[in-house]
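Take a look at the letters that make up each chain.
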Amino acid sequence: MSSDFSRSLSLLRQEKGASQRAVAKDLGISQALLSHYENGIREPGLAFVIKACDYYNVSADFLLGRTLTRDGTTIGAEELYDYSAEKDNVLHGSIMATLSKKLLVNSISVLFDLLGKVGKRDAIRAASDYLGTAVYKLFRHLYRADVTQNEDFFSVPSAQFGAGVPDADMICSEVDYVEALALHAKEKGSFPAMNHDALSKNYPGPYQSLLQIIHNTGERINRGMNFRRTDRK
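Residues numbered from 1 in each chain as written. Predicted model: local features only at pLDDT ≥ 70, side-chain atom pairs only at ≥ 80, totals over all residues. Heavy atoms only, no water.

Enquirer: Mind laying out the packing of helix α7 (residues 121-145) against helix α9 (residues 165-187), listing which residues take part and the relevant values?
Expert: Look at α7 against α9: their axes get within 8 Å of each other, and the N-to-C directions meet at 160 degrees. Between α7 and α9, the angle is such that the two are roughly antiparallel. Considering the relative orientation of α7 and α9, their crossing is left-handed. For the pair α7 and α9, contact is made by Asp122, Ala123, Ala126, Ala127, Asp129, Tyr130, Thr133, Ala134, Tyr136 and Lys137 and by Pro166, Asp167, Asp169, Met170, Ser173, Glu174, Asp176, Tyr177, Ala180 and Leu181, respectively. (Axes fitted to C-alpha atoms, helices over the stretch in contact; angles between N-to-C directions. Helix = DSSP H or I, 4+ residues; strand = E, 2+ residues; numbered from the N terminus. Parallel < 35°, antiparallel > 145°, perpendicular 65-115°, else oblique. Left-handed = near helix turned anticlockwise from the far one by under 90°. Contact = heavy atoms within 4.5 Å.)

Enquirer: Go over the environment of Gly164 with me, naming the residues and quoting the values.
Expert: Summarising the element assignment, Gly164 is placed in the loop between α8 (158-163) and α9. The class for Gly164 is buried, based on a relative accessible area of 16%. (Buried < 20%, exposed > 50% of the residue type's maximum accessible area, 1.4 Å probe, protein only.)

Enquirer: Can you explain α9? Please cite residues and give values.
Expert: For α9, built from 23 residues, the straight-helix expectation of 33 Å at 1.5 Å per residue is met to within 8% by its first-to-last C-alpha distance of 33 Å. Along α9, the positions that sit buried rather than exposed are Pro166, Met170, Ser173, Ala180 and His184. Two residues or fewer after α9 comes Gly189, characterised by a positive phi angle close to 70 degrees. (Expected span 1.5 Å × (residues − 1).)

Enquirer: Lay out helix α4 (residues 46-56) in plain terms, naming residues and giving numbers.
Expert: Along α4, the positions that sit buried rather than exposed are Phe48, Val49, Ala52, Cys53 and Tyr56. The arc enclosing the buried residues of α4, seen along the axis, measures out at 140 degrees, which places them on a common side. In α4, the exposed residues that point more than 90 degrees away from the buried face are Leu46, Ala47 and Asp54. At the C-terminal side of α4, Asn57 shows a positive phi close to 60 degrees. (Arc of directions from axis to C-beta.)

Next comes the structure, spelled out in structure tokens:
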């Protein structure tokens, strides 16, 4: 069974805010066995997988890392149209990584194609800066997680990175992006068609990925906001 299963099992429990002891009791197994499942030391049988899916209200595909949505309605990684396929950009060893990459690559392709049709260079530059900094942050966090690495590899000092300088850069880039689009609307007022029918027609492959990003992100944000509201009561 893939390592995505053990990670998902552990993350779902943490999200629920429950201890291993409590969840193990609810699932009818020992805490030690649940710990082994969550750490990938042992593999559970089908009966446990079904019970865990019911307990966390997720699909088996989600628990196994085969899809990014809990109800399992999204298409699999191998079915997604991939703009980068010709570059042989296949990520080995993780279905979740491959699926996430395809969703993002396809969605960004649609975004920049639309920006290219808008033709506002400042907006394109700001979007590129924003996304570039996001990738920079995620990679640097991954890089520095290995404490044996030397951060001299990066020109931004470690203290400044830790203090949130990249976050400030992303905020400034977003401001530039919004202002550039507003200026375009004022000067020209024309944008490419972005309704569902137009996007489906113009981007028959990658548009499904953009839809999935919009759906996943909306669900995650709303879930977080609902949790905060409940926590205040």
